[in-house]
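Letter by letter, the chains look like this.
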Amino acid sequence: LGAALDDSRDVYPQAGIFPPSSTRESVQQENAAEMEGSQQTAAAVAERALGHDVPVSVLVAQVLKGSPSEGLIEADDVLVSVDGTPASSPEAVRTAVRAHKPGDEVSVTVRRAGSEVTVAPRAADTRGVATIGVVMSGRYQLPIPVTIHAGAVGGPSAGLMFSLGIYDVLTDGNLTGGASIAGTGTIADDGAVGPIGGIRQKVVGAREAGAAWFLTPADNCADLKGHVPAGLHLVKVATFSDAKQAVESIAAGSTDTLSSCGF
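This report concerns the structure included in the present document.

Criteria and cut-off values
- Residues numbered from 1 in each chain as written.
- Predicted model: local features only at pLDDT ≥ 70, side-chain atom pairs only at ≥ 80, totals over all residues.
- Heavy atoms only, no water.
- Phe/Tyr/Trp six-rings, centres within 6.5 Å; stacked < 30°, edge-to-face > 60°.
- Helix = DSSP H or I, 4+ residues; strand = E, 2+ residues; numbered from the N terminus.
- Buried < 20%, exposed > 50% of the residue type's maximum accessible area, 1.4 Å probe, protein only.
- Core = buried A, V, L, I, M, F, W, Y, C linked by side-chain atoms within 4.5 Å.
- Contact = heavy atoms within 4.5 Å.
- Salt bridge = Lys/Arg side-chain N within 4 Å of Asp/Glu carboxyl O.

1. Things to note about the packing of aromatic side chains
For the structure shown, the criterion picks out one aromatic pair. Taking 5.9 Å as the distance between ring centres and 65° as the angle between the ring planes, the aromatic pair formed by Tyr-167 and Phe-240 counts as edge-to-face. With Tyr-167 in helix α5 (residues 159–169) and Phe-240 in helix α7 (residues 240–252), this residue pair connects regions lying 73 residues apart in the sequence. Like Tyr-167, the residue Phe-240 is buried in the burial classification.

Printed below as a string of structure tokens:
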């Protein structure tokens, strides 16, 4: 009841966050795999922004128990294609799978022990979206090795900020110019910034930590209307390039042209 009355908290049905078939261990494993994948992708995006060539392979980090892919796809398989579409990135695989309706067979080709194998899991319905129950991880050949120590935090929502942090470390000077800038958002192989859950809570935490600016995924803007803490300025970003330019503008004190969420 307290959470329902608190603007900084939200209440959801438990089954909407933790499906009945999941276990605490499987959720933790999935979150850890997503975190690892987001770190790898963030490093690749940052290094590509510096002009480096960063090839990628899409690996299966985990096959969820009871999922359509159990017994067909294995952890450490390399995804080759979905319905003939090359598995050029985790995002490309998700897009190809989600083009199906739940219940459809999905033709997936993987490379295992040096040979290619094609299987046809039947897509499950996950909150109205077709899924096949695998957690993917991009494996990049990074020209500059990167290690991130994020503690026990899981999930993919720090991807954008990881990419900016890595870019900052690999370039001269302080990217923020000393400004207090927070943010969130997933990062895709092509630099696209995706929406995340819990955005209202994150802006509250950012403001309480002293941030004056918050890099906001464009698709999360609507979630924050009427829920922006006083003194926090939202900056709408859709790509890594948007976010980098925004940080550079804030550092230079040129904030008049920053894109806001429009409210």
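Resuming the write-up.
2. Digging into the nonpolar core
Counting residues in each nonpolar core, the largest one holds 28 residues, and the members touching the most others are Leu-160, Leu-164, Ile-187, Leu-215, Val-235 and Val-237. Sorting elements by how many residues they give to this core places helix α3 (residues 24–49) first, with six residues. Residues in contact with Leu-215, not counting those within four places in the same chain, are Leu-160, Met-161, Leu-164, Ile-181, Ala-182, Gly-183, Thr-184, Val-235, Val-237, Ala-243, Ala-246 and Val-247. Ile-73, Val-82, Val-110 and Ala-130 belong to the second largest nonpolar core, which has 19 residues in total.

3. So, the pattern of salt bridges
Here the structure, examined in full by the defined rule, presents seven salt bridges. For Glu-248, the salt bridge is made with Lys-244, and the minimal N-O distance between the two is 3.3 Å. With Glu-248 and Lys-244 both in helix α7 and four residues apart, the pair spans about one turn of that helix. With relative accessibility at 33%, the residue Glu-248 sits in the partly exposed group. Each of Glu-74, Asp-77 and Arg-112 takes part in a single network of salt bridges with overlapping partners.

The analysis is restricted to geometry; functional conclusions fall outside its scope.
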